[in-house]
Amino acid sequence: AQADAKVYEHNLKEIAQKTWQFFKDYLIQENNYLIPDNYQEDRKQLVVQRTSSTNIGLSMLAVISAYDMGFEDLPLTLELLNKIINQVYELPKWNGHLYNWYNIKTKEPLIPRYVSTVDSGNLVGYMYTTKAFLQKVNAEQELINKLTEMIEKTNFRVLYSEEQRLFSIGFNIEENKLTDSYYDLLASEARQASLVAIAKKDVQPKHWNNLSSTLTVLKKY
């Protein structure tokens, strides 16, 4: 059993190493340190030239995880985080939110411009985690301050319907309005956005109660 556990551990670490290699290969200056959304071996253009706010946040966690796994040392880890964060800091935004998609070569948002509640919730959650890591390793304060500023400026209230007490799935910049569909389940992909928005005091805790009440009603049926 002990031998099987070692084999299992070895296999998992090998998968983790290969996964990290994707990030290491593509978090490069040529891509403005913005991780591509996906790679597919069976198409002419292997890597798409776009990224999302979720992808960007995940790339920060991948860098931290590579350090935790012993794949990279602290100087390289901090160098990559510094480059990612500084690029994200300069990206065009809407009420502090990153747009749903960016061209990784030009750093311009893709048209139609859209802000996704889920993706913003993911990104800010990842930013909190990255900030905690940087504080733990005594990173450059300026970098921590930039993360803090981006977190604080990401205004979730503009994605929230006071009437519904729920989050819209997002905001269409071209039409200048919220999408008329809402996340009304506690166990939805937007739950992290709800937690983040409440923690930032962008929305009232009663929003969470509304989600919980919806789930309770559904359980009755």
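Data block above holds the structure.
Fair warning: this is a prediction, and the values are worked out from it, not measured in the lab. Position numbers for residues count from 1 along each chain, tracking the sequence in the order it is written. Where totals are concerned, whole chains, interfaces and linings use all residues; where local detail is concerned, this predicted model gives features only for residues with pLDDT of at least 70, and gives and counts side-chain atom pairs only at 80 or more. With hydrogens and water excluded, all non-hydrogen atoms of the structure serve as input to the side-chain values.

Draft legend 1. Layout of the sheet that holds strand β5 (residues 114-116). Ordered in space as β5-β8-β9, the three strands form an open sheet in which the pairing is antiparallel. Of all the strands in the sheet, just β5 and β9 (177-178) have a single pairing partner and so form its edges. DSSP calls a pair of strands paired once it identifies at least 2 bridges connecting them. Here a strand is any run of E in DSSP of at least two residues, a helix any run of H or I of at least four, and the numbering for each starts at the N terminus. In the sheet, β5 pairs with strand β8 (residues 170-172) via three bridges, with the strands oriented antiparallel. What sits directly across from Ser 116, in β8, is Gly 170. Here, residues are in contact when the closest pair of their heavy atoms is within 4.5 Å. Every axis corresponds to a line fitted to the C-alpha atoms, with the helix fit spanning only the stretch in contact, and the corresponding angles, defined between N-to-C directions, vary from 0 to 180 degrees. Of the strands in this sheet, β5 and β8 are in contact with helix α4 (residues 117-136), which crosses β5 at around 60 degrees.

Draft legend 2. View of the environment of Tyr 126. Among the secondary structure elements, Tyr 126 is positioned in helix α4. Taking the relative accessible area as the measure of exposure, Tyr 126 reaches 17% and is therefore buried. Placed 69 residues apart in sequence, Tyr 126 and Gly 57 show a C-alpha to C-alpha distance of 5.3 Å. Beyond its immediate sequence surroundings of up to four residues, Tyr 126 is in contact with Thr 54, Gly 57, Leu 58, Leu 61 and Gln 192. A simple rule labels every residue: compare its accessible area, found with a 1.4 Å probe on the protein chains alone, to the largest value its type can have, and call it buried under 20%, exposed over 50%, or partly exposed in between.

Draft legend 3. Seen up close, unusual backbone geometry. The step from Ile 111 to Pro 112 runs through a cis peptide bond, and the omega angle for that step is 0 degrees. The residue Tyr 33 is not glycine, and still its phi comes out positive at about 55 degrees. With respect to the secondary-structure elements, Tyr 33 resides in the loop between α1 (2-26) and β1 (50-51). Although it is not a glycine, Asn 138 adopts a positive phi angle of roughly 55 degrees. Inspection of the secondary structure puts Asn 138 in the loop between α4 and α5 (141-153). Under the relative-accessibility criterion, Asn 138 is labelled exposed at 69%.

Draft legend 4. Spatial organisation of the packing of aromatic side chains. Classification of ring pairs uses Phe, Tyr and Trp, with its six-membered ring standing for Trp, and accepts pairs whose centres are within 6.5 Å; under 30 degrees between planes counts as stacked, over 60 as edge-to-face, and the remaining range as tilted. Applying the stated criterion across every chain yields a total of eight aromatic pairs. When the ring of Tyr 67 is compared with that of Phe 133, the centres are 5.7 Å apart and the planes differ by 65 degrees; the resulting orientation is edge-to-face. One end of the pair, Tyr 67, is in helix α2 (residues 53-68); the other, Phe 133, is in helix α4, with 66 residues separating them in the sequence. According to the relative accessible area criterion, Phe 133 is buried, its value standing at 8%. Three or more aromatic residues joined by ring pairs form one cluster here, namely Phe 22, Phe 23, Tyr 26 and Tyr 39. Put simply, a charge is over a ring when the Lys NZ or the Arg CZ is close to the ring centre, within 6 Å, and near the line of the ring normal, within 35 degrees. Sitting over the ring of Trp 101, Arg 50 keeps its end group 5.0 Å from the ring centre.

Draft legend 5. Region of interest: a nonpolar patch on the surface. Residues form patches when they are more than 30% accessible in relative terms and have no salt bridge. Like charges link within 9 Å. Nonpolar side chains (Val, Leu, Ile, Met, Phe, Trp, Tyr) link within 5 Å. Surface exposure here means Shrake-Rupley accessible area, sampled with a 1.4 Å probe, where a residue is shielded only by the protein chains that are shown. By convention in these notes, a salt bridge is any Lys or Arg side-chain nitrogen within 4 Å of a carboxyl oxygen on Asp or Glu. A contiguous nonpolar patch, built from Tyr 8, Leu 12 and Ile 15 and spanning about 340 Å² of accessible area, is present on the exposed surface. By secondary structure assignment, the location of Ile 15 is in helix α1. Look at Ile 15 and you get exposed, because its relative accessible area is 52%.

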